Amino acid sequence: MIRFGDPVITDRDLEAVTSVLRSGWLSMNKITKQFEEEVADFLGVRYTVAASSGSSALDIAFQVLEIQSGDEVILPAITYFAPVASAARAKAKIVLADIDQTTGTIDPEDVKRKITSNTRLIVTVDYAGISANYERLREISRGIPILEDGAEALGGTYCNKRLPTLGDVGILSFHSIKQVTCGEGGMVVTNNSRFVDHARVVRNQGELGEKYHHIRIGNNYRMPEYVAALGRSQFARIKVKIYHRKMLEQTYSSLLPATMKLSYRHCDPCLFFYPVLVQSECRDKVVQALNKMNIETRLAFKPVYLQPAFRSYSSQNLSLDGSKFPGADSFWSRIIALPLHERIMKKDVEVIVETIMSAISGEVKI
Ligand SMILES: Cc1ncc(COP(=O)(O)O)c(C=O)c1O
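Residues numbered from 1 in each chain as written. Predicted model: local features only at pLDDT ≥ 70, side-chain atom pairs only at ≥ 80, totals over all residues.

Observations regarding the overall build of the protein
Point 1. What the protein contains, in helices and strands, is 12 helices and 14 strands.
Point 2. Taken against the 2.2 N^0.38 rule, which gives 21 Å for 366 residues, the C-alpha radius of gyration of the protein at 21 Å falls within 12% of a compact globule.
Point 3. For the protein, the C-alpha atoms occupy an extent of roughly 70 × 55 × 40 Å along the three principal directions.
Point 4. Across the 366 residues in the protein, those meeting the buried criterion constitute 51%.
Point 5. The contacts in the protein between residues at least 6 apart in sequence include a share of 71% that link residues at least 24 apart. (Helix = DSSP H or I, 4+ residues; strand = E, 2+ residues; numbered from the N terminus. Rg over C-alpha atoms; globule rule 2.2 N^0.38 Å. Buried ≥ 20, exposed ≤ 12 C-beta atoms within 10 Å, placed from the backbone. Contact = placed C-beta atoms within 7 Å.)

Examining the site of the ligand
Point 1. In the vicinity of the ligand, 14 residues are found, and the nearest of them are Ser53, Gly54, Ser55, Ala151 and Ser173.
Point 2. Of all the secondary-structure elements, those providing two or more residues to the shell around the ligand are helix H3 (54-64) and helix H4 (82-89).
Point 3. The class makeup of the residues in the shell around the ligand is 5 nonpolar, 7 polar and 2 charged. (Near = placed C-beta within 6 Å. Nonpolar A, V, L, I, M, F, W, Y, C, P; charged D, E, K, R; others polar.)

Looking at the environment of Arg232
Point 1. Mapped onto the elements, Arg232 comes out in helix H8 (residues 225-235).
Point 2. Separated by 194 residues in the primary sequence, Arg232 and Glu38 have C-alpha atoms spaced 7.9 Å apart.
Point 3. Arg232 has contacts with Ala16, Ile31, Gln34, Phe35 and Glu38, leaving out every residue within four places of it along the chain.

What to know about the domain arrangement of the protein
Point 1. Domains assigned within the protein are domain 1 (11-99 + 106-235) and domain 2 (238-361).
Point 2. Distance from the C-alpha centre of domain 1 to the C-alpha centre of domain 2: 23 Å.
Point 3. Elements that contribute at least two residues to the side of domain 1 that touches domain 2 include exactly H4, strand E3 (93-97) and strand E8 (157-158).
Point 4. For the side of domain 1 that touches domain 2, the element with the most residues is E3, which contributes 4 residues.
Point 5. For the side of domain 1 that touches domain 2, the per-class residue count stands at 19 nonpolar, 8 polar and 5 charged. (Domains from an automatic or database assignment.)

Some words on the sheet that holds E3
Point 1. Spatially, 8 strands are ordered E1-E11-E10-E7-E6-E2-E3-E13 in an open sheet, and the strand pairing comes out mixed. Every other strand in the sheet has two partners, leaving strand E1 (47-51) and strand E13 (318-319) as the edge strands with one partner each.
Point 2. Relative to strand E10 (residues 169-173), strand E7 (residues 146-149) runs parallel, the two being bridged by 3 bridges. Bridging from a neighbouring strand, Glu148 pairs with Gly170 of E10. (Pairing = 2+ DSSP bridges.)

With respect to the nonpolar core
Point 1. Of all hydrophobic cores here, the largest spans 113 residues; its most connected members are Ile60, Ala61, Val73, Met187 and Val188.
Point 2. Here this core spans two domains, and each of domain 1 (11-99 + 106-235) and domain 2 (238-361) adds at least three residues to it. (Core = buried A, V, L, I, M, F, W, Y, C linked by C-beta atoms within 7 Å.)

Structure, rendered in structure tokens:
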């Protein structure tokens, strides 16, 4: 069985966690701080704030960026749902921009069309680890802050800068099948000292200074100490993890025809999964063929405008304004997310690609 995600937990990881459990101090403390410092050092960024998940990190980021009811926030039409849910919790007006179907990331030209005098934030998602086009987005955004959702992007770079450090604020996820895992965990990333102070307060119930003195409405977004211990131990192997993922990415890319691949010459990604595009009429057939070989896949991700959660949304909260998303429509009908992780070897990728190509050519009967 080749699972879509399958984390490797070493004896060192186990020892790191159990030693914290044995110590008797379980809630956020100095190991979390060390984890934050190590990630900041790796990313080349001034500040990081560990959180209980990538979704918590997004909620913190929305508060730090002071997004309020009615503010317009532009998000990609295709993304994992979390940043959209954070925008909804902030009571922002969600404005979707189409994606560039050659990269799976937000289309800067559609962002340009969607900017109004009420736009307060642009959220980018580094899809599968492929970075958005930050150069063009910065030209277009003219000072509107960018929140970079790099939950899928750890280990990749854009213009020699590590993802997710291209936004004014970035976030990471350490969910169980991400490049580095804590089981569940996340981090806010920024170079802005005002943002980091705010983020730390929001993470800790808005408390500042003396105990039980709350200056803001925050939440408990803290990362437990044994979770940070797992994160630190995993992070110590980041170079090996990146190397392995890149080797698999190159194997996939060398075996697949150009028409089935996304383009990421603008960056150097460390992919979270391998996105492949097949003709829409073949997609079910290919997924079934892989399934038959016990190879798990995902359809990542259903467009935001098709999500039932928004059916009852008023136009005050979700602005579609008759928008069309040709890039997202086409991408969604053709995308399959293939497994890419530490337990997969080159020969597994060969089997996966062979299965796909045979299903397409009709050699495999479903
Ligand atoms: C793009 C993106 N944003 C946010 C998240 C949320 O992260 P978490 O699952 O750690 O809450 C994910 C997780 O898969 C994601 O892929």
